[in-house]
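Coordinate inspection notes
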Amino acid sequence: MFNAKLYNESNALQKTNTIKYLEEYKDMINWKKDSSILDIGCGDGSLTLKIFKELIPNCKTMTGCDISEDMIRFANEHYASGRVNFTTLNIEGELPHDLRERFHHVITFFALNWCRQQQTAFQNIYDMLKDQGSCFAIVTGKESLFDAYRNLAKAEKWKPWVTDVEKYISPYHDSQDSLKEMQQLLGKIGFTITKLELKMIFHEYENLEKLKGGIMSVVPFKIPDELYDDFFIDLSQEMQMFDTKKYNYKKSSNDFVFNVQILVLYVEKK
Ligand SMILES: C[S@@+](CC[C@H](N)C(=O)[O-])C[C@H]1O[C@@H](n2cnc3c(N)ncnc32)[C@H](O)[C@@H]1O
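- The protein chain has the name Methyltransferase domain-containing protein in an unreviewed UniProt entry, where Pieris brassicae is given as its organism.

A word on unusual backbone geometry
- Residue Asp34 is not a glycine yet carries a positive backbone phi of 60°.
- Among the secondary structure elements, Asp34 is positioned in the loop between helix 2 (12-24) and strand 1 (36-40).
- Here Phe256, not a glycine, exhibits a phi torsion of approximately 65°, which is positive.
- Mapped onto the elements of the fold, Phe256 is located in the loop between helix 10 (228-245) and strand 7 (257-268).
- According to the C-beta neighbour criterion, Phe256 is partly exposed, with 19 such atoms within 10 Å.

Looking at the sheet that holds strand 3 (residues 84-88)
- The seven strands lie next to each other as 3-2-1-4-5-7-6, forming an open sheet whose pairing is mixed. Of all strands in the sheet, those with a lone pairing partner are strand 3 and strand 6 (192-204), marking the two edges. Between one strand axis and the next, the sheet turns by 15° as a mean value, whatever way the strands run.
- Of the pairings in the sheet, the one linking strand 1 to strand 2 (residues 61-66) comprises five bridges and is parallel in character. Bridged to Ser36 within strand 2 is Thr61.
- Packing against the sheet, helix 4 (residues 69-79) makes contact with strand 2 and strand 3, and its axis sits at approximately 165° to strand 3.

Cut-off values and rules
- Residues numbered from 1 in each chain as written.
- Predicted model: local features only at pLDDT ≥ 70, side-chain atom pairs only at ≥ 80, totals over all residues.
- Helix = DSSP H or I, 4+ residues; strand = E, 2+ residues; numbered from the N terminus.
- Buried ≥ 20, exposed ≤ 12 C-beta atoms within 10 Å, placed from the backbone.
- Pairing = 2+ DSSP bridges.
- Axes fitted to C-alpha atoms, helices over the stretch in contact; angles between N-to-C directions.
- Contact = placed C-beta atoms within 7 Å.

Structure (structure tokens):
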């Protein structure tokens, strides 16, 4: 789905913005000293290590997990250390027994929106937490990138490569009331909701090349090398159109801005 090296090289701004977000919530998150923390959908592992070093240095262990073997291989090669480790795990799959009630905290950024089985994913998180454990998550909601996928999937030129688009669109993208949907899901599982809100992230890139890197690092389609630049032109034009016409954002791809609506949640197992 993703290329770990490309993701690592091109996603720095998005990770910096995630850290900024996490810092905003730091007074609310009661990180336990000597705790075991799980980062779900850790990707290349760089964000996991950055969070460990900058925000939770006194935790006991930090485990990053991801469905992608390529990502976990990359993470283990570049970011593992004594207290930081990486392992493959499908958060929508059957939970290995030894992971039950293992962690004090779960964190997860831009990963749960890839899951079709939202209930299974959140139930697994609940089951992996110890009593009094907590989960802080950022989940993508609506974004023009998803609208653009749908349009490109219909275009003759891109149809052969832009396939299975619905698989990659956040379950909250079309939702009329994503907060209510999320609130009901979390309540059904048994979580106590401390925080649940919709926010916007405006990733402002320095130039077009960097915007291209940032966006293409999260595009799951395998576009042939010779069509790559052309694809980005069409994709970013579609995004610009939706950002201005559907969402009324002031800036978009023409200003090197990538707009993302997010659901931010902090829930506890009490
Ligand atoms: C956009 S990346 C985010 C990576 C990292 N959290 C960050 O913010 O930089 C999404 C990650 O979620 C992973 N992912 C998607 N579905 C998953 C699943 N069912 N279980 C675990 N990881 C999953 C992908 O492989 C990918 O590495």
